[in-house]
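Structural features, examined
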Amino acid sequence: MAKLYFHYSTMNAGKSTSLLQASHNYREGGMATYLITAQFDNRAGQARIASRIGIGEDADTFAPGEDLFAKIKAQLASTAIACTFIDEAQFLTKAQVWQLARAVDDLNVPIMCYGLRVDFQGNLFPGSAALLAWADEMREVRTICHCGKKATMVVRKGPDGVVLRDGDQVQIGGNESYASLCRRHWRQAVGDGSPA
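Residues numbered from 1 in each chain as written. Predicted model: local features only at pLDDT ≥ 70, side-chain atom pairs only at ≥ 80, totals over all residues. Heavy atoms only, no water.

1. Quick word on the nonpolar core
Convention followed: As used in this record, nonpolar core signifies buried Ala, Val, Leu, Ile, Met, Phe, Trp, Tyr and Cys residues forming a set joined through side-chain atoms within 4.5 Å. Categorising residues by exposure relies on relative accessible area from a 1.4 Å probe, with only protein chains included: less than 20% of the type maximum marks a residue as buried, more than 50% marks it as exposed, and the intermediate range marks it as partly exposed. Strands are runs of DSSP state E lasting at least 2 residues, helices are runs of H or I lasting at least 4, and numbering of each runs from the N terminus. Residues are treated as being in contact if the distance between any of their heavy atoms lies within 4.5 Å.
Counting 33 residues, the largest nonpolar core has Leu4, Ile86, Leu92, Leu100, Ile111 and Cys113 as its most contacted members. Elements supplying a minimum of two residues to this core: strand 1 (4–9), strand 2 (32–38), helix 2 (68–78), strand 6 (81–86), helix 3 (94–107), strand 7 (111–116) and helix 4 (126–134). Top element by residues in this core is helix 3. It accounts for 5 residues. Once residues within four sequence positions are removed from consideration, isoleucine 111 is found in contact with Lys3, Leu4, Tyr5, Ile72, Thr84, Ile86, Leu100, Ala103 and Val104. Ranked by size, the runner-up nonpolar core spans 12 residues in total, among them Tyr26, Leu35, Phe85 and Tyr114.

Below, the structure written as structure tokens:
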């Protein structure tokens, strides 16, 4: 029976690596997979999912407002997909997460979403909030803070390395812009303030 999965974590936890490994396992077993990532995140190149450890795959993309139920249904019409993988799932809209849930229920295709749970201000991303509400199964991909505790928060750094408290929720970046921390060190980094 197909399910909607949400694999969540902070930055640099290996979410994309896990996605690519899971897709490889399906393909190695002779089953086709369908990979999708956020259209505007082109750090690894346009329409590509890549990991910091150097592995990557070409992928389809989603844009805000795009109907993902229709997209998956069209893909299924041409290819027998064993599983659909969504990277950067935090950038999905609430409506798109509902479309994914419908695809699981009505098209009987498992969908594995990988993304951040919270932004640099400690707030849920809209896509992540909807996935936390509607996913059939959730799995935390763990990483650690510099102190050795589990990292659950993310800080954004400016070009000078100073931690930022304000700004747009979405800003594409990697290690140069973000650091994963435990809650205690996140509080210290942002001045012990509550989430904005």
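2. Regarding the packing of aromatic side chains
Note the threshold: When the centres of two rings from Phe, Tyr and Trp lie within 6.5 Å, Trp using its six-membered ring, the rings pair. Their planes under 30 degrees apart give stacked, over 60 give edge-to-face, and anything left gives tilted. Charges are assigned to positions over rings by a cutoff of 6 Å between ring centre and Lys NZ or Arg CZ, combined with an angular limit of 35 degrees from the ring normal.
Summed over all chains, the structure comprises 4 aromatic pairs. Here phenylalanine 6 and tyrosine 8 contribute two aromatic rings whose centre-to-centre distance is 5.6 Å and whose plane-to-plane angle is 40°, an arrangement assigned as tilted. Just as phenylalanine 6 is buried, tyrosine 8 falls in that class too. Seen in terms of ring centroids, phenylalanine 91 and phenylalanine 125 are 6.0 Å apart; in terms of plane orientation they differ by 90°. Their pairing is edge-to-face. Linking phenylalanine 91 in the loop between strand 6 and helix 3 with phenylalanine 125 in the loop between strand 7 and helix 4, this pair joins segments that are 34 residues apart in sequence. For the cation-ring pair, arginine 102 lies above phenylalanine 69, with the distance from its terminal atom to the ring centre recorded as 3.9 Å. Above the face of the phenylalanine 120 ring, arginine 156 is positioned so that its terminal group lies 3.9 Å from the ring centre.

3. Observations regarding the sheet that holds strand 9 (residues 153–157)
We apply this condition: A strand pair is defined by DSSP finding two or more bridges across the two strands.
Judged by pairing direction, the sheet is antiparallel, and its 3 strands sit side by side in the order 10-9-11 without closing on themselves. Edge positions in the sheet fall to strand 10 (163–164) and strand 11 (178–181), since each has one partner strand and no second. Across 4 bridges, the pairing between strand 9 and strand 11 is antiparallel. When the bridges of strand 11 are listed, valine 154 appears paired with serine 180.

4. Some thoughts on the side chain of histidine 185
Position of histidine 185 among the secondary structure elements: in helix 5 (residues 183–189). Overall, the relative accessible area of 12% leaves histidine 185 in the buried class. Residues in contact with histidine 185, not counting those within four places in the same chain, are Cys145, His146 and Cys147.

5. Looking at the pattern of salt bridges
Quick note on the threshold: The working definition used for a salt bridge is a side-chain nitrogen of Lys or Arg within 4 Å of a carboxyl oxygen of Asp or Glu.
For the structure shown, the criterion picks out 7 salt bridges. Of the charged contacts, one joins arginine 142 and glutamate 140 as a salt bridge, the two residues approaching to 3.6 Å between their closest N and O atoms. We note a salt bridge from glutamate 140 to lysine 150, for which the minimum N-O separation is 3.0 Å. Of this pair, glutamate 140 sits in strand 8 (residues 137–140) while lysine 150 sits in the loop between strand 8 and strand 9, and the two are 10 residues apart along the sequence. Of the residues examined, glutamate 140 reaches a relative accessible area of 29% and is grouped as partly exposed.

Geometry only, nothing functional implied.
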